[in-house]
Amino acid sequence: MKINWGTGIVLSFVAFIAFILYFVVRMSTDDRANHDLVTDDYYKQELAYQKEIDASNSAAKMNAQLKIEKTGEGLRISFPEKFDYKKIEGTVSLYRPSNKHLDIDFPLSLSNTHLLIPDNSLVGGRWDIAIKWSYEGNTFLHKEKLTY
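Notes on the structure follow. (Residues numbered from 1 in each chain as written. Predicted model: local features only at pLDDT ≥ 70, side-chain atom pairs only at ≥ 80, totals over all residues. Heavy atoms only, no water.)

Take the overall build of the chain next. Within the chain, the secondary structure is distributed over three helices and seven strands. Listed by position from the N terminus, the elements making up the chain come as α-α-α-β-β-β-β-β-β-β. The C-alpha radius of gyration computed for the chain amounts to 25 Å, which surpasses the reference 15 Å derived for 148 residues by more than 25%, pointing to a less compact arrangement than a globule. Here the C-alpha coordinates of the chain stretch approximately 90 × 35 × 20 Å along the principal axes. Of the contacts made within the chain by residues no fewer than 6 positions apart, 58% connect residues no fewer than 24 positions apart. (Helix = DSSP H or I, 4+ residues; strand = E, 2+ residues; numbered from the N terminus. Rg over C-alpha atoms; globule rule 2.2 N^0.38 Å. Contact = heavy atoms within 4.5 Å.)

So this is what it looks like as structure tokens:
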């Protein structure tokens with residue numbers, strides 16, 4: 001059987017389409033190619049974004065900046081000493097962009113002007129940390145990207 005140029009073009013198109021379909025099916029069913037949103041309630045959080053902007057601005061106005069540093073024991077978050085640590089409440093969110101199963105959310109419970117996140121609860125790599133805290137009716141937000 002002799003293959004002319006028209007049959008060759010058709011066979012090339014069929015082979016190319018089969019190649020593309022193979023990779024589409026493979027990538028959509030493979031667990032390594034996980035295409036989740038950043039968070040499950042992404043759109044709900046987007047609607048509350050103005051509150052985050054206001055909380056960040058309020059932290060800047062009141063000079064309520066937090067200091068985050070890596071120590072031998074873990075990650076140390078220092079709150080301003082001008083605030084009474086007993087009146088500080090809030091949450092700490094550690095977000096891991098590469099794996100949502102490593103995300104951690106926990107409430108603030110301070111026994112000093114700083115909070116220590118133990119070294120064994122963090123895996124090396126990039127983390128996005130968001131600390132939402134309030135003091136005497138004022139709401140503050142601190143966001144930072146760090147490599148641990």
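On to the sheet that holds strand β7 (residues 138-147). Strand order in the open sheet formed by four strands is β4-β3-β6-β7, and the pairing between neighbours is antiparallel. Each edge of the sheet is formed by a strand with only one pairing partner; in this case those strands are β4 (104-107) and β7. Put simply, the sheet's adjacent strands are angled 10 degrees from each other on average, direction ignored. As judged from the ten bridges shared by strand β6 (residues 126-135) and β7, these two strands associate in the antiparallel manner. Bridging from a neighbouring strand, Lys132 pairs with Leu141 of β7. Strands in contact with helix α3 (residues 49-61) are β6 and β7; relative to β7, the strand with the most contacts, it is inclined by about 95 degrees. (Pairing = 2+ DSSP bridges. Axes fitted to C-alpha atoms, helices over the stretch in contact; angles between N-to-C directions.)

For the rest of this paragraph, the subject is the sheet that holds strand β5 (residues 114-118). Each strand in a sheet pairs with its neighbour through backbone hydrogen bonds, running either in the same direction (parallel) or in the opposite one (antiparallel). Ordered in space as β1-β2-β5, the three strands form an open sheet in which the pairing is antiparallel. Two strands close off the open sheet at either side, each with one partner strand: β1 (67-70) and β5. Neighbour-to-neighbour, the strand axes of the sheet open up by a mean angle of 15 degrees, direction not taken into account. The pairing of β1 with strand β2 (residues 74-78) spans four bridges and is antiparallel. Directly across from Ile68, in β2, lies its bridge partner Ile77.

The subject of this paragraph is the packing of aromatic side chains. Under the criterion given, the structure shown has seven aromatic pairs. Where Trp133 meets Phe140, the ring centres are 4.6 Å apart and the plane angle is 40 degrees; that geometry is what we call tilted. For Phe140, a relative accessible area of 1% puts it in the buried group. (Phe/Tyr/Trp six-rings, centres within 6.5 Å; stacked < 30°, edge-to-face > 60°. Buried < 20%, exposed > 50% of the residue type's maximum accessible area, 1.4 Å probe, protein only.)

Bringing the side chain of Ser58 into the picture now. Relative to the assigned elements, Ser58 resides in helix α3. By relative accessible area, Ser58 is classed as buried at 18%. With near-sequence residues (within four places) excluded, Ser58 lies in contact with Thr139 and Phe140.

On to α3. Taking 1.5 Å per residue as the helical rise, α3 with its 13 residues ought to reach 18 Å, and the 19 Å between its terminal C-alpha atoms agrees with that figure. When we look at burial in α3, the residues that qualify are Glu52, Ala55, Ser58 and Ala59. Across the axial projection of α3, the buried residues extend over an arc of 125 degrees, all falling on one side. Opposite the buried face of α3, by more than 90 degrees, sit the exposed residues Ala60 and Lys61. Residue Asn63 follows α3 closely and has a positive phi angle near 55 degrees. (Expected span 1.5 Å × (residues − 1). Arc of directions from axis to C-beta.)

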